[in-house]
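Coordinate inspection notes
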Amino acid sequence: MIIRAFRSLRWTDYSIYAIIDPRALVRILKSDPSKLFWFSYLIPFIVSFFHIITLSLLSSYATHFFYIKLTYGLIFVFFILSFHVLIYSLLIDFIAQFLNFKGYGQLIVIILNFSLIPLIFVLPLTYFCYILNFAPLFFYVFFILLTLLWQWIILIQCISELYACDLGKAIIISIFPPLFFFLSVILVGVLFFSILYSYLS
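All values reported here derive from a predicted model rather than from experimental measurement. (Residues numbered from 1 in each chain as written. Predicted model: local features only at pLDDT ≥ 70, side-chain atom pairs only at ≥ 80, totals over all residues. Heavy atoms only, no water.)

1. Focus on the pattern of salt bridges
Applying the stated criterion across every chain yields a total of 2 salt bridges. Across the salt bridge formed by Glu161 and Arg23, the nearest N and O atoms sit 3.4 Å from each other. On the criterion of sequence distance, the pair formed by Glu161 in helix α9 (residues 136-162) and Arg23 in helix α3 (residues 22-29) is long-range, its members being 138 residues apart. For Arg23, a relative accessible area of 24% puts it in the partly exposed group. Between Glu161 and Arg27 there is a salt bridge, with its nearest N and O atoms 3.6 Å apart. Here Glu161, found in helix α9, pairs with Arg27, found in helix α3; they are 134 residues apart in sequence, far enough to count as distant. Salt bridges sharing partners connect three or more residues here, namely Arg23, Arg27 and Glu161. (Salt bridge = Lys/Arg side-chain N within 4 Å of Asp/Glu carboxyl O. Helix = DSSP H or I, 4+ residues; strand = E, 2+ residues; numbered from the N terminus. Buried < 20%, exposed > 50% of the residue type's maximum accessible area, 1.4 Å probe, protein only.)

2. Let's talk about a nonpolar patch on the surface
Together, Leu167, Ile171, Ile175, Leu179, Phe182, Leu183, Ile186 and Val190 make up an exposed nonpolar region whose accessible area comes to about 680 Å². Residue position: Leu183 is located in helix α10 (residues 167-200). (Patch = residues over 30% accessible without salt bridge, like charges linked within 9 Å, V, L, I, M, F, W, Y side chains within 5 Å. Areas by Shrake-Rupley, 256 points an atom, 1.4 Å probe, with all protein chains shown as cover.)

3. A look at the packing of α3 against α9
At a minimum axis separation of 8 Å, α3 and α9 run at an interaxial angle of 45 degrees. By the angle between their axes, α3 is oblique relative to α9. As α3 packs across α9, the resulting crossing turns out to be right-handed. Within the contact between the two elements, α3 uses Pro22, Arg23, Val26 and Arg27 and α9 uses Ile154, Gln157, Cys158, Ser160, Glu161 and Leu162. (Axes fitted to C-alpha atoms, helices over the stretch in contact; angles between N-to-C directions. Parallel < 35°, antiparallel > 145°, perpendicular 65-115°, else oblique. Left-handed = near helix turned anticlockwise from the far one by under 90°. Contact = heavy atoms within 4.5 Å.)

4. Observations concerning the environment of Leu167
Within the fold, Leu167 resides in helix α10. With relative accessibility at 43%, the residue Leu167 sits in the partly exposed group. Residues Leu167 and Ile156, 11 residues apart in the sequence, show an inter-C-alpha distance of 6.9 Å. Beyond its immediate chain neighbours, meaning those up to four positions away, Leu167 contacts Arg23, Ile156 and Ser160.

5. Some thoughts on the side chain of Asp93
Mapped onto the secondary structure, Asp93 falls in helix α6 (residues 70-98). It turns out Asp93 is buried and unbridged, and the closest side chain with the opposite charge, Lys102, is 10 Å from it. Within the structure, Asp93 has its side chain in polar contact with the side chain of Gln97 (distance 2.8 Å). Setting aside residues no more than four positions away along its own chain, Asp93 makes contact with Gly103, Tyr104, Gly105, Ile108 and Tyr163. (Lys, Arg positive; Asp, Glu negative; His and termini not counted. Polar contact = N/O pair within 3.5 Å; in protein donor to acceptor, adjacent residues only side chain to side chain.)

6. Notes on the confidence of the model for the protein chain
Across the protein chain, pLDDT averages 82, with 84% of residues at or above 70. For the protein chain, the element scoring lowest by mean pLDDT is helix α5 (residues 64-68), at 53; α9 scores highest, at 92. (pLDDT = per-residue confidence, 0-100.)

7. Here's the deal with the nonpolar core
Residues Ile92, Ile111, Phe114, Leu162, Tyr163 and Ile173 are the most contacted members of the largest nonpolar core, which totals 39 residues. Elements with a contribution of two residues or more to this core: α2 (10-20), α3, α4 (42-57), α6, α7 (105-114), α9 and α10. In terms of residues, this core owes the most to one element, α7, which gives 7 residues. Other than its neighbours up to four places away in sequence, Leu162 contacts Val26, Lys30, Tyr104, Leu107, Ile108 and Ile111. Listed in part, the 7 residues of the second largest apolar core include Leu58, Val122, Tyr140 and Phe143. (Core = buried A, V, L, I, M, F, W, Y, C linked by side-chain atoms within 4.5 Å.)

Here it is, written out as structure tokens:
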């Protein structure tokens, strides 16, 4: 199925729509999302590969883990990115259903994967700064933040189109999962240090 989807070249249209018209992407994917579910995971794989290559350019700044064994670094980044997409999509679907919207679990995973496309541009932009020897590490971080903002804008538009809601609700649905994760980390940290303090005292 993945090879058939790749040969059809329809993925090029989906990729372009994700960048220039995310709402059109959602309208197309709504027809039959199952065809692109597994294929969409090629995007986080490509993003992971580009990320590893970018870190290789900055090898004097990066840790040895990423450029001694490229394979391990690629697997690690791909696993983390895929896990992030899965958890994020589950939380988005949960919040949307809590707000009385229809569940679109599988479709949200595909949308999140396609929203990662802007991260591919980090490599060529960083490489340009690397060639000019113009603060490549600084601009690497800057481009990461810029493409993450771009990804979030794509996601908001997709959510707004998917659930036929205004941008305000789409922003709430997209912001709650990372906010929930951040608060959960703080809560777990406080509990851990409280237990550790009580054990040591």
